[in-house]
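Spelled out from the first residue to the last, the chains are:
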Amino acid sequence: MTGYWANNWQIWISAFCVLSVYTYLFKDNTLYRVMMQIFIGINLGYQAIIQWRDVLYPQWYLPMIDGFRALFGGAGSPYGALWALVGGIGILFYLQLSRKYASLSKIAIGITIGIGAGLTFKSQLGRNIPQILDAFKPLAPPIVRPQPRTTLKLPGSAFEPLVDDSLAIFVSGNTIEADEVLGGVRVWQTKLPSAVTGPPRFVAEKIMVPCLTEVVQVDRSTGKINPITFTGELLGNREGDPLKVVAVYRQPQLGHGVELRAKGSELSAYAIKDGVAEGVHAGDFLWSATYPEPIVSVQSFDGIAMITGPKVSEIWEIPPPQPKLTARDYFDNWVSVVTIFCVMTYFFFSFKRRGPMIAAVSSSGRWVLMIGLGAFFGNTVMTRMSFLLDRLMFLIDDWLRPLWHQIFR
Amino acid sequence: MNKLLQLLARLEVIPRKTIYLVLFIAAGLPFLYPIRLPLMIWKETRSAFNITQNSAPNKVVAICSNWDPGSQGENWPQYEAIVAHCMMNHVPFIVFSIDSDAVSPQLAETVNERQAKRYGCVYGRDWVNLGLTRGAPLVMGSIGRNIKQVFQTDYRHNSTRDFTKLPLMEHVNSLNDFSCLWDVEYTPNLDWTAFFDPASRVPLLFSCAGMVSSGYYPYISSGQIIGMMVGTRGAAEYENLLNEKYGKAFKSEGMRGQKLVVPLAFGHLVIIFFILAGNVGMIARRKLIANERAAKKGQL
């Protein structure tokens, strides 16, 4: 029995605390109140220690002390000493306790409210704009499939452009040009001694361009032609078909599931694996779009596709694969849209709602709100019940069961 | 007839203590006599499971563990299921707490240690607990840009730049190194959608209390959140998925989700019964009053 107590005394204290708190279900009593005060006291004490140990000491005190040491000849950055100002502003909050200097606390409060307002503004925009966009749901099967959107125009190229990070190299006639792919800014342009006959290729920091008379070496950063040139055959810069590419999306959950295929001036997208969107299978046709001239190459990175023609290149924002909606999905969308409309009518107080039609819509808004609140209530019960079960599980499994085994073993 | 109505009208005023007693007995019984019930797996749980399952091998799962003793009834089984999944799947993970109760990192550490013993995982190599910081939502953006700047030491006071003790941290710098981000707390913070990665490159997965879950569904529909584990039910579903995927390799002993979900169902049945009983009582009382009025009118 001694061994049992040595191992389980903490469980007994915990069980006593739990049961003391649950005595409130019978009626408000002193034991419950004492226990509540003990919990609040312990929690506050613990919070204070952790706040210092894990937050203020490593993130404020240490950089500040290092900063002061650096000011007086020690190693490190002296800017850390600026953290003392932050501490000073923090202390201003406590001046609310003084009648004489209470006004100084408004500085700290003002700074906090200003930061809070700015953050809230960003937060609300970031959260709600996608919500507003999502409120526009398809109510019937689409007549037109999603289309890519042109975001930028770049120079054309006779061969597939070379892409390195955000820089793309275009060759056309006897001109070579480097442009920022995501900004459309020309970085440099250089005239070559003769017309380009093949795709350029990177060799370390140089670009090798096969021309009619020779292979020209161009500096990647400045575009200057290196005097050292040589003759001979240059190998292609990439393997595979330049008119076929797997689209790269920014969202990892979409992954690399769509293939873009160019034929003439037509670009088409096909799913290459099952489940890139709900109901979409490998090989399914997704969309197609027409380019103004015959396509030379297609490249894709970071959520976009670069389509290159002889005269102009374009950056297209490729539409993500759309789920194939079933009749039930369309029904859900109707419910969603009608609900939004009814609830908004219910909460529209700018002028008096007149007429049986508006009254009926408004009344429906109240009903759907009630249904929504019912769902909230059901979930509330689930949460409260889970919290109770957690404690019941502790009482039965950790307290009563070992006790039972101890007595009746 | 009136006697029956009088009897039924009593249902409206069932003493509170009786309801609590019945609830305690109904919810407690499945702990003593284990019962299994079929469980349907919801789409959002499966989606969260798939994202965690398909984590890239060179990336880590980031877990913001903000649960505390007040919410452990629902968040503990959820967190334990996620940790077990990462350890079984050999996906390294980092845990941190933001603006949470001071005890949150300690609770996370206890669960991590227990699961690590089961699956033979090592601190520093397979997981790192970065401890607590303050300052959301600004700190969310900072975590996305440079996590070592935010957490200069871990929960055990090792420097996050000491790669001999924390080799995992050598390749963890910014959101590019995260395969997904879980937020496990009573009310997961929606500011993650706006501040952490506005371009939505890192899938956000929420693990919340059932009570607040209804408010998050619109964010799943819009794609701002990719998956969600809802309350104890979500944890039980996740454990089922682990069971399906890993079979006996998943050591389910002591996992709380599946253990709690049956008493939860029993508790729900009790609540539904008392709601119906209360309504029957109310209707009977109204009928009784109407009968009495009609009788009085008849007398007059």
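Think of each chain on its own: its residues are numbered from 1, step by step along the sequence as written. All chains are assigned letters beginning with A, and all ligands numbers beginning with 1, in the order in which they are written. It should be noted that, the model being predicted, local features are given only for residues of pLDDT at least 70 and side-chain atom pairs only at 80 or more, the latter also being counted only at that level, while totals for whole chains, interfaces and linings use all residues. Side-chain metrics in this entry use all non-hydrogen atoms of the structure; hydrogen atoms and water are not considered.

Novice: Explanation requested: the overall build of chain A in the structure shown.
Specialist: Counting from the N terminus, the helices are DSSP H or I runs at least four residues long and the strands are E runs at least two residues long. Along chain A, the regular secondary structure elements total six helices and 16 strands. Rg of the C-alpha trace for chain A: 35 Å, well past the compact-globule value of 22 Å for 409 residues, more than 25% over. Exposure is judged per residue with a 1.4 Å probe applied to protein chains only, and the accessible area is read against the type maximum: over 50% gives exposed, under 20% gives buried, and values in between give partly exposed. In chain A, buried positions account for 34% of the 409 residues. Whether two residues touch is decided by their heavy atoms; if any such pair falls within 4.5 Å, the residues are in contact. Within chain A, residue pairs in contact and separated by at least 24 positions form 44% of the contacts whose partners lie at least 6 positions apart. As used throughout, the charge tally considers Lys and Arg to be positive and Asp and Glu to be negative, leaving His and the chain termini uncounted. A charge is said to be at NZ when it belongs to Lys, at CZ for Arg, at CG for Asp and at CD for Glu. Between the averaged position of the 36 positive side-chain charges in chain A and that of its 30 negative side-chain charges there is a distance of 14 Å. Within these notes, the globule rule equals 2.2 Å times the number of residues to the 0.38 power, and the radius of gyration is based on C-alpha atoms.

Novice: Explain the environment of C208(B) here, please?
Specialist: Residues and elements named next belong to chain B. For C208, the location among the structural elements is in strand β5 (residues 204–208). Sequence-wise, C208 and G124 are 84 residues apart; in three dimensions their C-alpha atoms are separated by 27 Å. When neighbours within four sequence positions are excluded, C208 is seen to be in contact with N75, Q78, E185, Y186, P188, S213, Y216, M228, M229, V230 and G231.

Novice: Just checking my understanding: could you explain the interface of chain A and chain B for this structure?
Specialist: Size of an interface, as often reported, equals the accessible area lost when the parts are brought together. Counting from both sides, the interface comprises 49 residues of chain A and, opposite them, 66 residues of chain B. Together chain A and chain B conceal approximately 4,900 Å² of surface at their shared face, both sides included; 61% is due to carbon and sulfur atoms. One speaks of a salt bridge when a side-chain nitrogen belonging to Lys or Arg is within 4 Å of a carboxyl oxygen belonging to Asp or Glu. Between chain A and chain B we count three salt bridges in total. Its salt-bridge partner being D390(A), residue R256(B) comes within 2.3 Å of it at the nearest N-O pair. Each polar contact in these results corresponds to two N or O atoms within 3.5 Å; when the atoms are within protein, one needs to be able to donate a hydrogen and the other to accept it, and residues that are neighboring in sequence are counted only if both atoms are side-chain atoms. Linking chain A with chain B are 28 residue pairs in polar contact (both at pLDDT 80 or more), by the criterion used here. Buried area adds together the accessible area that both of two parts lose upon being put together, with accessible area traced by a 1.4 Å probe.

Novice: Would you take a moment to explain the packing of aromatic side chains for this structure?
Specialist: Aromatic ring pairs are reported here in terms of the distance separating the ring centres and the angle at which the planes meet. Side-chain rings of Phe, Tyr and Trp (the six-membered ring for Trp) are treated as a pair once their centres are within 6.5 Å; stacked means planes under 30 degrees apart, edge-to-face means over 60, and tilted covers the remaining angles. On inspection of all chains with the given rule, the structure shows 25 aromatic pairs over all chains. With a centroid separation of 4.5 Å and an interplanar angle of 50°, the aromatic rings of W404(A) and F408(A) are classed as tilted. A residue pair is termed a helical-turn pair when its members lie 3 or 4 positions apart in one helix, as W404(A) and F408(A) do in helix α6 (residues 356–408) at four residues. Between F178(B) and F196(B), the aromatic rings sit 6.0 Å apart at their centres with planes inclined by 15°, giving stacked as the arrangement.

Novice: Where do I start with the domain arrangement of chain A in this structure?
Specialist: Per the domain assignment, the segments of chain A are domain 1 (2–93), domain 2 (98–133), domain 3 (161–230), domain 4 (244–317) and domain 5 (330–403). Residue ranges labeled as domains rest on an automatic or database domain assignment. Inter-centroid distance (C-alpha atoms) of domain 1 of chain A to domain 4 of chain A is 55 Å.

Novice: Honestly, a nonpolar patch on the surface in this entry has me stumped. Any pointers?
Specialist: Like charges within 9 Å and nonpolar side chains (Val, Leu, Ile, Met, Phe, Trp, Tyr) within 5 Å are joined into patches, using only residues over 30% in relative accessible area that form no salt bridge. With residues, only the protein chains shown are counted as cover, and all accessible areas are computed by Shrake-Rupley using a 1.4 Å probe. Among the surface-exposed residues, I89(A), Y101(A), L104(A), I107(A), I111(A), I115(A) and L138(B) lie close enough to one another that they form a single nonpolar patch of about 600 Å² accessible area. Broken down by element, the nonpolar patch gets its largest block of residues, three residues, from helix α4 (residues 105–134) of chain A. Looking at the secondary structure, you find I89(A) in helix α3 (residues 83–92).

Novice: Would you explain the sheet that holds strand β3 (residues 167–172) of chain A in this entry?
Specialist: Adjacent strands of a sheet form backbone hydrogen bonds with each other and so pair up, either parallel or antiparallel. Residue and element names in this part refer to chain A. If DSSP finds at least two bridges between two strands, the strands pair. Taken in spatial order, the four strands of this open sheet run β2-β3-β4-β5, and their pairing is antiparallel. Both outer strands of the open sheet, β2 (162–164) and β5 (186–191), are each paired with one neighbouring strand and no more. Along the sheet, successive strands turn relative to each other by an average axial angle of 15°, direction set aside. Inspection of the sheet shows β2 paired to β3 by three bridges, in the antiparallel sense. Its bridge partner being in β3, V163 is matched across the sheet by A168. Angles shown run from 0 to 180 degrees and are taken between the N-to-C directions of axes, each axis being a line fitted to C-alpha atoms and, for helices, limited to the stretch in contact.

Novice: Please clarify how the domain arrangement of chain B should be interpreted in this entry.
Specialist: Here the domain parsing of chain B yields domain 1 (2–35 + 261–299) and domain 2 (43–254). A C-alpha centroid distance of 42 Å is found between domain 1 of chain B and domain 2 of chain B.

Novice: How do you make sense of the side chain of E314(A) when you look at a structure like this?
Specialist: Residues and elements named next belong to chain A. Note that E314 resides in strand β16 (residues 312–317). Within the structure, E314 has its side chain in polar contact with the side chain of T150 (distance 3.3 Å). The residues contacting E314, other than those within four sequence positions of it, are T150, L152, K153, Y291, P292, A305, M306 and I307.

Novice: Before we go on, may I ask you to explain the nonpolar core in this structure?
Specialist: In summary, soluble globular proteins display a tendency toward joint burial of nonpolar side chains. Nonpolar cores were defined as sets of buried Ala, Val, Leu, Ile, Met, Phe, Trp, Tyr and Cys residues, with membership established by side-chain atoms within 4.5 Å. Counting 95 residues, the largest nonpolar core has I94(B), F96(B), I143(B), I147(B), F178(B), W182(B) and W192(B) as its most contacted members. Sorting elements by how many residues they give to this core places helix α4 (residues 72–88) of chain B first, with nine residues. Beyond its immediate stretch of four places on either side in the chain, F178(B) contacts K59(B), V60(B), A62(B), I94(B), I143(B), I147(B), V172(B), F196(B) and V202(B). Ranked by size, the runner-up nonpolar core spans 22 residues in total, among them V245(A), A262(A), W287(A) and I295(A).

Novice: Even after reading the chapter, I still don't get unusual backbone geometry, so can you show me in this structure?
Specialist: Backbone geometry follows two general trends: most residues other than glycine have a negative phi, and most peptide bonds adopt the trans configuration. Residue and element names in this part refer to chain B. With an omega of 5°, the peptide bond running from A136 to P137 counts as cis. In this structure, D99 is a non-glycine residue whose phi angle is positive, near 55°. Within the secondary structure layout, D99 lies in the loop between β2 (93–98) and α5 (104–119). In this structure D99 comes out as partly exposed when scored by relative accessible area, which is 37%.

Novice: Sorry, what's going on with the packing of helix α11 (residues 231–246) of chain B against helix α12 (residues 256–299) of chain B here?
Specialist: When two helices pack together, their arrangement is given by the angle between their axes and by how far apart the axes lie. All names here are of chain B. Where α11 meets α12, the closest approach of the two axes is 8 Å, and the angle between their N-to-C directions is 130°. Classified by the angle between their axes, α11 and α12 sit oblique to one another. Crossing of α11 against α12: the hand is left-handed. In contact with T232, R233, A235, A236, E239, N240 and N243 of α11, α12 contributes R256, G257, Q258, L260, V261 and L264. All amino acids are sorted into three groups, where Ala, Val, Leu, Ile, Met, Phe, Trp, Tyr, Cys and Pro are nonpolar, Asp, Glu, Lys and Arg are charged, and the leftover types, Gly among them, are polar. Considered class by class, the residues forming the contact of α11 with α12 number five nonpolar, five polar and three charged. For classification purposes, an angle smaller than 35 degrees is called roughly parallel, one larger than 145 roughly antiparallel, one from 65 to 115 roughly perpendicular, and anything else oblique. By definition, turning the near helix anticlockwise from the far helix through less than a right angle yields a left-handed crossing, and turning it clockwise yields a right-handed one.

Novice: Would you mind going over the pattern of salt bridges with me for this structure?
Specialist: Two side chains of opposite charge can pair, provided their charged atoms sit close to one another. Going through the model one piece at a time under the given rule, you end up with 23 salt bridges over all chains. The salt bridge involving D219(A) is made with K206(A); its shortest N-O contact spans 3.0 Å. Here D219(A) is found in strand β8 (residues 215–219), whereas its partner K206(A) is found in strand β7 (residues 206–210), with 13 residues between them in sequence. Owing to a relative accessible area of 19%, D219(A) belongs among the buried residues under this scheme. When the shortest N-O distance is used, the salt bridge between E80(B) and R114(B) registers 2.6 Å. With E80(B) in helix α4 and R114(B) in helix α5, this pair connects stretches of sequence that are 34 residues apart. Judged by relative accessible area, E80(B) falls into the buried class, the value being 1%. Through salt bridges with shared partners, a single ionic network connects D390(A), R391(A) and R256(B).

Novice: Is there a simple way to explain the environment of F16(A) in this structure?
Specialist: Along the polypeptide, F16(A) turns up in helix α1 (residues 2–22). Setting aside its immediate chain neighbours within four residues, F16(A) contacts L31(A) and M35(A).

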